[in-house]
Amino acid sequence: QTITVDDKTPPTATAPANVTVDCVASVPAPNTGSVTTSDNCVGAITVAFVSDVPSGSCPQIITRTYSVTDACGNSINVTQTITVDDKTPPTATAPR
């Protein structure tokens, strides 16, 4: 008897919540542990950070992508949107 298991169903995943920060320095580091995953079969699920792609300047929108791969190599990408929206005016002191 031969039993063939042929999992072609990709895993499911939920990206971390979208966030808004004031400055680029406040953008959180990628965190693969914040991606929620599930799969139709038992086995390891691997989450990897793929990239941050910025667009615009004020506000700047960063699209952060994570890949999610199950034990059979089926994969999907999920994205998180990070908005950098600096609404704080600069400060200055006039010369004397």
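Residues numbered from 1 in each chain as written. Predicted model: local features only at pLDDT ≥ 70, side-chain atom pairs only at ≥ 80, totals over all residues. Heavy atoms only, no water.

Structural notes on the sheet that holds strand β4 (residues 46-55)
The condition that has to hold: By the convention used here, strands pair only if DSSP detects at least 2 bridges between them. Secondary structure elements follow DSSP: runs of H or I no shorter than four residues count as helices, runs of E no shorter than two count as strands, and numbering proceeds from the N terminus. Axis definition: a line fitted to C-alpha atoms, over the contacting stretch in the case of helices. Angles run 0 to 180 degrees between N-to-C directions.
The strand order across the open sheet formed by four strands is β2-β6-β5-β4, and the pairing between neighbours is mixed. Each edge of the open sheet is held by one strand with a lone partner, namely β2 (19-21) and β4. Each strand of the sheet is rotated relative to its neighbour by a mean of 25°, with strand direction disregarded.

Digging into the packing of aromatic side chains
Geometrically, a pair of aromatic rings is defined through the distance of the ring centres and the angle of the planes. Cut-off, in case you're wondering: Ring geometry is summarised as follows: Phe, Tyr and Trp rings, the Trp one being its six-membered ring, pair when their centres sit within 6.5 Å, and such pairs are stacked at plane angles under 30 degrees, edge-to-face over 60 and tilted between the two. Categorising residues by exposure relies on relative accessible area from a 1.4 Å probe, with only protein chains included: less than 20% of the type maximum marks a residue as buried, more than 50% marks it as exposed, and the intermediate range marks it as partly exposed.
A complete count under the given rule lists one aromatic pair for this structure. Plain terms: the ring middles of F49 and Y66 are 6.2 Å apart, the flat faces sit at 70° to each other, and that makes the pair edge-to-face. One end of the pair, F49, is in strand β4; the other, Y66, is in strand β5 (residues 60-69), and 17 residues separate them in sequence. By relative accessible area, F49 is classed as partly exposed at 35%.

Details of the state of the cysteines
Worth spelling out the cut-off: What counts as a disulfide here is a pair of cysteine sulfur atoms lying within 2.5 Å.
Here the structure, examined in full by the defined rule, presents zero disulfides. C72 takes part in no disulfide bond, and the closest cysteine sulfur to it belongs to C41, at a distance of 6.1 Å.

Regarding the pairing of β4
In the sheet, β4 pairs with β5 via nine bridges, with the strands oriented antiparallel. Each bridged residue has a counterpart across the sheet, and for V53 the counterpart in β5 is T63. The hairpin turn running from β4 into β5, its antiparallel successor, is four residues long, and G56 in that turn takes a positive phi close to 75°.

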